[in-house]
Protein chains: 2
Amino acid sequence: MLQGKHGSAFAVFLASNFALTMLAAVLTVFVAPAAAGSGIPEVKAYLNGVDAPNIFSLKTLIVKIVGCIAAVSSSLHVGKAGPLVHTGACIASILGQGGSRKYHMTCKWLRYFKNDRDRRDLVTCGSAAGIAAAFRAPVGGVLFALETVSSWWRSALLWRAFFTTAMVAVVLRALIDFCKSGKCGLFGEGGLIMFDVTADYVTYHLVDLPPVITLGVFGGILGSLYNFFLDRVLRLYNLINEKGKTYKLLLAATVTVCTSCCLFGLPWIASCKPCPTDTEEACPSIGRSGNFKKFQCGMNEYNDLASLFFNTNDDTIRNLYSAGTDDEFHMSSILVFFAASYFLGIFSYGLALPSGLFVPVILTGAAYGRLVAMLIGSQSTLDHGLFAVLGSAALLGGSMRMTVSVCVVILELTNNLLMLPLVMLVLLISKVVADAFNTNVYDLLVRLKGFPHLEGYAEPYMRQLSVSDVVTGPLQTFSGIEKVGHIVHVLKTTGHNGFPVVDEPPFSDSPALYGLILRDHLLVLLRKKDFIRSCTASTLNASKHFTHDEFAKRGSGKQDRIEDIELSAEELEMFVDLHPFTNKSPYTVLETMSLAKALILFREVGLRHLLVLPKSSKVSHVCASVTLLLFMLSISGF
Amino acid sequence: MLQGKHGSAFAVFLASNFALTMLAAVLTVFVAPAAAGSGIPEVKAYLNGVDAPNIFSLKTLIVKIVGCIAAVSSSLHVGKAGPLVHTGACIASILGQGGSRKYHMTCKWLRYFKNDRDRRDLVTCGSAAGIAAAFRAPVGGVLFALETVSSWWRSALLWRAFFTTAMVAVVLRALIDFCKSGKCGLFGEGGLIMFDVTADYVTYHLVDLPPVITLGVFGGILGSLYNFFLDRVLRLYNLINEKGKTYKLLLAATVTVCTSCCLFGLPWIASCKPCPTDTEEACPSIGRSGNFKKFQCGMNEYNDLASLFFNTNDDTIRNLYSAGTDDEFHMSSILVFFAASYFLGIFSYGLALPSGLFVPVILTGAAYGRLVAMLIGSQSTLDHGLFAVLGSAALLGGSMRMTVSVCVVILELTNNLLMLPLVMLVLLISKVVADAFNTNVYDLLVRLKGFPHLEGYAEPYMRQLSVSDVVTGPLQTFSGIEKVGHIVHVLKTTGHNGFPVVDEPPFSDSPALYGLILRDHLLVLLRKKDFIRSCTASTLNASKHFTHDEFAKRGSGKQDRIEDIELSAEELEMFVDLHPFTNKSPYTVLETMSLAKALILFREVGLRHLLVLPKSSKVSHVCASVTLLLFMLSISGF
């Protein structure tokens with residue numbers, strides 16, 4: 001570019017972007033399709049009880065890391081926060097399943113975490129660590145996990161997540177310290193506060209409230225529109241991606257070429273501006289990212305649009321957030337950048353490569369804030385850099401609908417606590433405005449991915465229904481001592497993951513619910529083939545025959561299948577005593593229970609199965625109506 | 001003092017302190033005893049389900065506000081954070097019960113909040129607003145409510161609490177703006193960040209970790225000792241206070257006289273220090289609070305101990321947190337101040353006046369941090385002001401055991417995000433160390449006050465018990481259509497607040513649980529006297545005869561009593577149809593359910609009553625074993 005060879009410069013730019021995008025896309029498509037997208041919907045769905053295949057496998061983890069680096073480096077308009085959350089959750093889950101047996105990386109000590117509850121807690125902490133690492137915002141990470149990702153929270157989790165992010169902060173601090181000498185490229189840049197660039201002392205008065213409220217209202221509208229467009233584009237992309245792997249790669253190739261053309265082409269429409277004389281920065285800047293890009297301009301001139309487009313995302317945000325730079329950008333440049341960033345963000349997300357939404361929205365919001373500041377002009381005395389920060393908050397609030405966590409993340413990004421009341425106000429206004437139009441972006445993505453999601457609140461119609469209205473049959477129960485053939489038959493013909501065990505005479509006076517047995521545990525019993533010949537209570541000492549390890553939760557996505565277990569005809573006629581392996585304290589509701597209240601129980605206690613008991617105590621009815629309530633969660637493998 | 005009249009100065013000091021303390025104590029003892037103490041234990045107990053008498057009445061609110069101002073002004077070593085939390089919760093609760101009918105201050109619109117759930121949510125938001133106002137820390141307030149006060153949380157509450165504290169922040173900011181001109185005395189001082197005094201740019205390295213870890217360990221030990229001593233002193237005070245109102249006043253008088261003597265006497269043991277020459281502050285400062293107190297010293301000299309003792313709490317904290325003041329204080333002065341502050345805090349809390357624990361602990365912790373910094377000496381390059389901040393964190397972590405909320409509060413107090421990793425580390429270490437010794441200070445206070453408290457986790461022994469082991473009899477049930485006389489008899493002879501309603505033949509084929517009816521609702525029915533003459537299903541249209549208002553939750557502490565309802569002998573022989581007034585969807589468990597799991601259900605879903613169903617479905621047993629599980633919460637009036 002310095003020598004005026006614009007054509008070959010563009011060729012190099014395009015080629016390197018194309019190569020990096022293709023690397024990410026090929027890895028994702030051929031090695032680990034589960035690594036595509038941000039990963040936050042998958043983590044959210046997992047914590048809600050839906051364990052999609054391979055989302056936490058070692059392969060996914062590696063592709064996510066490599067692919068995310070390639071995708072972000074390829075100038076695509078994608079972020080790194082979402083992939084980092086997924087990475088954190090992946091590492092946590094792999095630790096929780098005791099390493100990866102497939103690749104012979106196991107650790108004996110980790111087997112204590114091999115159960116659903118601990119793995120869920122670990123994944124929650126892992127996602128907190130992801131945001132903490134992405135934005136160097138430890139408290140924001142904890143709140144993000146609490147507000148957005150997790151469906152279920154307990155107080156002990158709060159300080160465990162806090163401990164996780166504290167470790168992230170300490171390690172980050174140590175690495176930044178180590179990198180102070182410039183050994184690690186851009187890593188240490190920005191220190192622990194990534195965008196510590198706003199004015200030292202912020203003053204604002206009541207007269208600044210109307211512009212800020214306007215910013216919030218339109219931020220809400222733009223945010224909900226963002227979600228709307230994203231929804232449409234993703235539906236279109238899904239149609240294309242379904243056609244095959246080649247189409248996925250073609251789509252990624254098209255978008256990266258278009259993006260490169262945009263980034264290289266649009267700065268040409270901006271006129272060159274003369275360098276300010278009073279700045280400390282070198283102007284124009286040559287050979288480094290940052291502000292005052294030279295691009296096609298002459299000496300002592302800079303292209304303001306190139307400073308925005310032709311930069312790393314971090315540097316662009318830093319430029320926009322900087323205080324005292326009200327005259328650095330043309331209004332037309334900001335407008336072009338805002339529009340391009342808005343739509344590039346929407347069109348880049350659905351590609352088959354690791355990509356986050358957080359940073360594009362922050363970037364677009366910052367441009368939006370500057371735009372509003374310029375339109376308001378002298379009506380407000382606030383710095384345009386502050387407007388950029390508030391604009392980011394408005395768009396984040398409008399699109400992701402988070403409040404406390406975004407607020408804290410923005411504080412931790414900019415180190416400007418005095419802005420707190422304004423940021424809170426903008427966030428709340430934009431959230432409320434956007435909530436009037438559609439749902440938040442993560443719920444939308446979860447729905448598009450086809451994950452069932454159980455909300456924490458009951459819909460009004462659920463108050464009119466009782467659980468007996470939604471129970472589906474036929475009911476499959478087991479006796480306390482059950483014939484092997486019957487168990488095999490039931491497991492083969494149904495997809496249920498839990499079955500009620502009912503004691504019948506002579507083992508009890510009348511049919512009575514004994515408990516609930518899980519499919520996984522039945523499979524362990526069948527595999528062990530410790531059967532008895534007759535239908536009598538066995539004297540088997542379960543704790544001697546079985547070890548804790550055998551019933552431990554298998555690795556994510558790995559499940560025994562009934563088809564893999566071969567049993568002889570003789571064995572099928574034998575019996576097995578289910579009593580020692582049954583959960584004797586399942587949660588139950590009466591059939592007359594309101595569906596809304598059953599839902600609350602299901603969500604608040606974090607259940608996977610809920611037994612429905614008959615209201616009437618007539619003997620003849622009992623057995624038939626001890627019904628397994630098939631809430632949507634039971635269909636998952638969780 | 002300036003004229004050397006030390007005797008009369010002391011007399012004025014003592015008299016004004018004595019008068020203010022006595023004002024607070026007399027108000028508390030004679031008008032609203034519930035206003036004594038910090039109020040956080042009461043709010044915590046309320047949110048756990050225990051509604052102690054008068055804790056949220058208008059009288060309590062007024063005494064709390066006036067008394068807190070008097071107590072803090074009287075130089076007693078008490079804080080304002082706890083009382084502000086109680087004040088916020090009080091206002092929220094009064095709003096939630098639609099104003100105060102006793103004082104003819106009601107608002108029709110507020111009646112929509114007249115139910116337990118909305119009032120609980122309002123009180124949670126109110127306590128968040130209290131911390132937000134006390135420390136000008138809106139995010140810290142939300143987290144405090146989440147981490148410490150509330151027993152039950154849902155995601156919608158997060159942004160509602162956030163909205164509340166955002167309003168607090170905006171109003172605070174507007175008032176500070178208004179007070180910039182100096183119209184409001186000390187109010188505007190410090191701005192939105194109360195202690196924005198630490199070094200501009202903090203640098204710390206790995207070598208600073210050992211001193212910081214040491215600080216955390218000893219902070220944890222000192223914090224748990226603080227709790228231990230506080231427990232002993234409060235037990236002693238309880239013995240004294242039980243003897244009568246005069247003893248309460250005498251105790252308060254004794255402590256205020258001792259405190260005044262300490263504050264005035266101890267500075268004499270410090271030698272005068274020459275004023276530093278390079279400071280911008282006036283030295284010695286005369287006629288205002290702040291640093292460099294003259295006290296008995298000559299011109300160009302100051303008494304460093306007086307700067308700590310003879311100041312408002314806020315100014316003392318600001319002095320201790322200030323960066324670049326390593327030589328301002330003698331080590332002996334800091335030691336004396338630390339010891340005095342530690343024990344004055346413990347001895348001042350249990351008096352019969354509004355008093356908080358937060359500020360004394362912060363103050364003591366700041367002195368502790370400075371002390372450690374001086375002991376370490378040149379081993380660490382960190383500023384002593386930073387050590388003071390970390391010391392506060394250590395003692396707060398050791399005494400209150402909060403993590404995220406204290407961390408955020410400290411950040412919002414000092415505006416120093418770069419300290420985040422160190423603050424997190426210190427908090428976690430001190431919490432873990434202190435947890436090894438005893439429980440946190442709020443649980444301790446809740447226990448001392450005699451409030452039952454249901455923890456969110458199950459004790460190990462509960463896993464060995466089933467709910468049938470803890471159910472107490474005799475069971476009282478009602479039929480769907482019940483004789484008035486029987487209802488009156490049961491209400492008079494038991495203290496239960498909920499009763500199962502069981503339909504028996506001919507209304508159902510066999511005895512079946514219909515639902516749960518509350519004592520309050522039975523009293524409404526009895527008061528209305530809408531009885532029927534025979535035991536047949538009535539054609540009464542309940543929604544016509546009763547309005548929503550009649551079943552609305554009464555004001556805090558106000559309850560109908562069965563003794564106040566007079567019924568004639570004829571009316572006692574009549575019947576009442578309970579069906580329309582029964583909760584048809586009570587939560588139930590089987591009698592074989594593990595006690596631990598029932599507890600989880602009780603806490604997570606936020607229940608007050610839990611019905612225990614028989615496991616066996618034999619007709620003859622059902623009616624006798626539909627048992628009301630008397631968890632400790634049912635005994636409260638909540």
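Residues numbered from 1 in each chain as written. Chains lettered and ligands numbered in written order. Predicted model: local features only at pLDDT ≥ 70, side-chain atom pairs only at ≥ 80, totals over all residues. Heavy atoms only, no water.

## Topic: the overall build of chain A
Of the regular secondary structure elements, chain A holds 24 helices and 12 strands. Per-residue burial over chain A gives 59% buried out of 638 residues. Partitioning the intrachain contacts of chain A with sequence separation of at least 6 by distance along the chain shows that 76% fall at a separation of at least 24. Counting every atom, chain A has about 24,900 Å² of accessible surface; 61% of that belongs to carbon and sulfur. (Helix = DSSP H or I, 4+ residues; strand = E, 2+ residues; numbered from the N terminus. Buried < 20%, exposed > 50% of the residue type's maximum accessible area, 1.4 Å probe, protein only. Contact = heavy atoms within 4.5 Å. Areas by Shrake-Rupley, 256 points an atom, 1.4 Å probe, with all protein chains shown as cover.)

## Structural notes on the relation of the copies chain A and chain B
Here the second copy of the chain follows from the first by a rotation about an axis and a shift along it. Overlay of chain A on chain B (RMSD 0.1 Å): rotation 180°, translation along the axis 0.0 Å. The symmetry that links the two subunits is that of a two-fold axis. The share of interface residues of chain A whose copies in chain B are also at the interface is 99%, consistent with both copies meeting through the same surface. (Least-squares fit on C-alpha atoms with pLDDT ≥ 70 in both.)

## A look at the interface of chain A and chain B
Facing the 71 residues of chain A at the interface are 70 residues of chain B. A combined buried area of about 6,200 Å² lies between chain A and chain B, and 72% of that area is made up of carbon and sulfur atoms. Three residues stand out in chain A for area buried against chain B, namely Phe162, Leu417 and Tyr587 of chain A, and they jointly supply 11% of the buried area on that side. In this assembly, chain A and chain B are joined by zero salt bridges. (Buried area = accessible area lost by both parts, 1.4 Å probe. Salt bridge = Lys/Arg side-chain N within 4 Å of Asp/Glu carboxyl O.)

## Brief notes about the packing of aromatic side chains
Taken as a whole, this structure holds 40 aromatic pairs over all chains when the rule is applied. Here the aromatic cluster, defined as three or more aromatic residues joined through ring pairs, consists of Tyr226, Phe228, Phe229, Phe338, Tyr342, Phe343 and Tyr368 of chain A. (Phe/Tyr/Trp six-rings, centres within 6.5 Å; stacked < 30°, edge-to-face > 60°.)

## Quick look at the pairing of strand E11 (residues 610-613) of chain A
All names here are of chain A. By the alternation rule, side chains of E11 split into Leu610 and Val612 and Leu611 and Leu613, which are all buried. Of the strand pairs in this sheet, strand E10 (residues 588-590) and E11 are connected by three bridges, and their pairing is parallel. From the neighbouring strand, Thr588 faces E11, where its bridge partner is Leu611. Between the parallel pair E10 and E11, the chain is carried across by helix H23 (residues 595-605), and the sense of this crossover is right-handed. (Pairing = 2+ DSSP bridges. Right-handed = clockwise from strand over helix to strand, strands pointing away.)

## Considerations on the pairing of strand E8 (residues 512-518) of chain A
Residue and element names in this part refer to chain A. Among the seven residues in E8, six count as buried, and that is most of the element. Across six bridges, the pairing between strand E7 (residues 498-503) and E8 is antiparallel. When the sheet's bridge partners are listed, Asp503 is paired in E8 with Ala512.

## What about a nonpolar patch on the surface?
Residue and element names in this part refer to chain A. Taken together, the side chains of Leu23, Ile62, Ile65, Val66 and Ile69 make up a nonpolar region of the molecular surface, amounting to roughly 420 Å² of accessible area. If you tally residues by element for the nonpolar patch, the top one is helix H3 (residues 58-73), at four residues. Inspection of the secondary structure puts Ile65 in helix H3. (Patch = residues over 30% accessible without salt bridge, like charges linked within 9 Å, V, L, I, M, F, W, Y side chains within 5 Å.)

## Considerations on the nonpolar core
If you look at the biggest cluster of nonpolar residues, it comprises 273 residues, and the most contacted ones within it are Phe135 and Phe358 of chain A together with Phe135 and Phe358 of chain B. It is helix H13 (residues 358-376) of chain B that contributes the most residues to this core, 13 residues altogether. Those residues within four positions of Phe135 of chain A in sequence are excluded, and the remaining contacts are Ala81, Met194, Phe358, Val359, Ile362, Val409 and Leu413 of chain A. Core analysis: the second largest hydrophobic core is formed by 34 residues, Ala596, Leu599 and Leu607 of chain A together with Met462 of chain B among them. (Core = buried A, V, L, I, M, F, W, Y, C linked by side-chain atoms within 4.5 Å.)

## So, the packing of helix H13 (residues 358-376) of chain A against helix H14 (residues 384-400) of chain A
Residue and element names in this part refer to chain A. Packing of H13 against H14 brings their axes to within 6 Å, and their N-to-C directions diverge by 130°. As judged from the angle between their axes, H13 and H14 are oblique. Between H13 and H14 the crossing geometry is right-handed. Counted together, Phe358, Val361, Ile362, Thr364, Gly365, Ala366, Tyr368, Gly369, Arg370, Ala373, Met374 and Ile376 of H13 and His384, Gly385, Phe387, Ala388, Gly391, Ser392, Ala394, Leu395, Leu396 and Met400 of H14 form the full contact between these two elements. (Axes fitted to C-alpha atoms, helices over the stretch in contact; angles between N-to-C directions. Parallel < 35°, antiparallel > 145°, perpendicular 65-115°, else oblique. Left-handed = near helix turned anticlockwise from the far one by under 90°.)

## Here's the deal with helix H5 (residues 116-135) of chain A
The first and last C-alpha atoms of H5 of chain A sit 29 Å apart over 20 residues, in line with the 28 Å expected at 1.5 Å per residue. Judged by how many residues are buried, H5 of chain A sits mostly within the fold: 17 of 20 residues are covered. (Expected span 1.5 Å × (residues − 1).)

## A word on the confidence of the model for chain A
Residue and element names in this part refer to chain A. Considering every residue of chain A, the mean pLDDT works out to 84; 89% of them sit at 70 or more. In the predicted structure, residues 618-638 sits below a pLDDT of 50 and forms 73 contacts with residues beyond four places in sequence or in another chain. Complex prediction metrics read pTM 0.88 and ipTM 0.84. (pLDDT = per-residue confidence, 0-100.)

## A word on the sheet that holds strand E7 (residues 498-503) of chain B
All names here are of chain B. The strand order across the open sheet formed by three strands is E5-E7-E8, and the pairing between neighbours is mixed. Of all strands in the sheet, those with a lone pairing partner are strand E5 (478-479) and strand E8 (512-518), marking the two edges. Contacts from helix H20 (residues 519-528) reach E5, E7 and E8, with the element oriented near 80° to E8.

## Considering the side chain of Ser150 of chain A
In this fold, Ser150 of chain A is placed in the loop between helix H6 (138-149) and helix H7 (155-179). Judged by relative accessible area, which is 12%, Ser150 of chain A ranks as buried.

## Thoughts on the state of the cysteines
Taken as a whole, this structure holds two disulfides over all chains when the rule is applied. Across the disulfide, Cys272 of chain A is cross-linked to Cys297 of chain A (sulfur-sulfur distance 2.0 Å). Between Cys272 of chain A and Cys297 of chain A the sulfur-sulfur dihedral comes to about -90°; the bridge is accordingly left-handed. Pair noted here: Cys272 of chain A is in the loop between helix H9 (245-265) and strand E3 (273-274) and Cys297 of chain A is in the loop between E3 and strand E4 (301-302), with a separation of 25 residues, a long-range link. Exposure remark for Cys272 of chain A: the relative accessible area of 26% places this residue in the partly exposed category. Here Cys90 of chain A is not cross-linked by a disulfide; its sulfur's nearest cysteine counterpart is in Cys68 of chain A, at 12 Å. In this structure Cys90 of chain A comes out as buried when scored by relative accessible area, which is 1%. You can see Cys262 of chain B has no disulfide; the closest cysteine sulfur is in Cys258 of chain B, sitting 7.2 Å from it. On the basis of relative accessible area, Cys262 of chain B is assigned to the partly exposed category, the value being 27%. (Disulfide = S-S within 2.5 Å.)

## Quick word on the side chain of Asp443 of chain A
The residue Asp443 of chain A is located in helix H17 (residues 441-448) in this model. When neighbours within four sequence positions are excluded, Asp443 of chain A is seen to be in contact with Lys44, His453 and Glu455 of chain A.

## Digging into the pattern of salt bridges
Residues and elements named next belong to chain A. Applying the stated rule across the entire model yields 21 salt bridges over all chains. One salt bridge in this structure joins Glu42 and Lys449, with 2.8 Å as the shortest N-O distance. Here Glu42 is found in helix H2 (residues 40-48), whereas its partner Lys449 is found in the loop between H17 and helix H18 (467-470), with 407 residues between them in sequence. According to the relative accessible area criterion, Glu42 is buried, its value standing at 5%. Here Glu570 and Arg533 are joined by a salt bridge, their closest N and O atoms 3.4 Å apart. Here Glu570 is found in helix H22 (residues 569-572), whereas its partner Arg533 is found in the loop between helix H20 (519-528) and helix H21 (542-545), with 37 residues between them in sequence. Arg533 shares its class with Glu570; the two are exposed.

## Looking at the packing of H5 of chain A against H7 of chain A
All names here are of chain A. Two numbers describe how H5 lies on H7: the axes approach to 9 Å, and their chain directions differ by 35°. As H5 runs across H7, the sense of the crossing is right-handed. Contact residues: Asp121, Thr124, Cys125, Ala128, Ala129, Ala132 and Ala133 in H5; Leu157, Arg160, Ala161, Thr164, Thr165, Val168 and Leu172 in H7.

## Here's the deal with unusual backbone geometry
What you tend to see is this: most non-glycine residues have negative phi, and most peptide bonds are trans. Notably, Arg401 of chain A is not glycine yet its phi reads approximately 60°, a positive angle. Mapped onto the fold, Arg401 of chain A is located in the loop between H14 and helix H15 (404-414).

## Let's talk about the environment of Lys273 of chain A
Residues and elements named next belong to chain A. If you trace the backbone, Lys273 turns up in strand E3. In this structure, the C-alpha to C-alpha distance between Lys273 and Ala145, residues 128 residues apart in sequence, is 44 Å. In this view, Lys273 contacts Asn300, Glu301, Tyr302, Asp304, Asp327, Glu328, Phe329 and His330; residues no more than four positions away in its chain are not counted. Polar side-chain contacts of Lys273 include one of 2.7 Å to the backbone oxygen of Asp327. (Polar contact = N/O pair within 3.5 Å; in protein donor to acceptor, adjacent residues only side chain to side chain.)

## A few points about helix H23 (residues 595-605) of chain B
The buried fraction of H23 of chain B amounts to nine of the 11 residues, a majority that puts the element mostly inside the structure. Listing the buried residues of H23 of chain B in full gives Leu595, Ala596, Ala598, Leu599, Leu601, Phe602, Arg603, Glu604 and Val605 of chain B. Structurally, H23 of chain B contributes buried residues whose contacts are with H23 of chain A together with helix H2 (40-48), helix H18 (467-470), strand E10 (588-590) and strand E11 (610-613) of chain B. A distance of 3.2 Å separates the backbone nitrogen of Ala596 of chain B from a side-chain oxygen at the start of H23 of chain B, and that oxygen is part of Ser594 of chain B.

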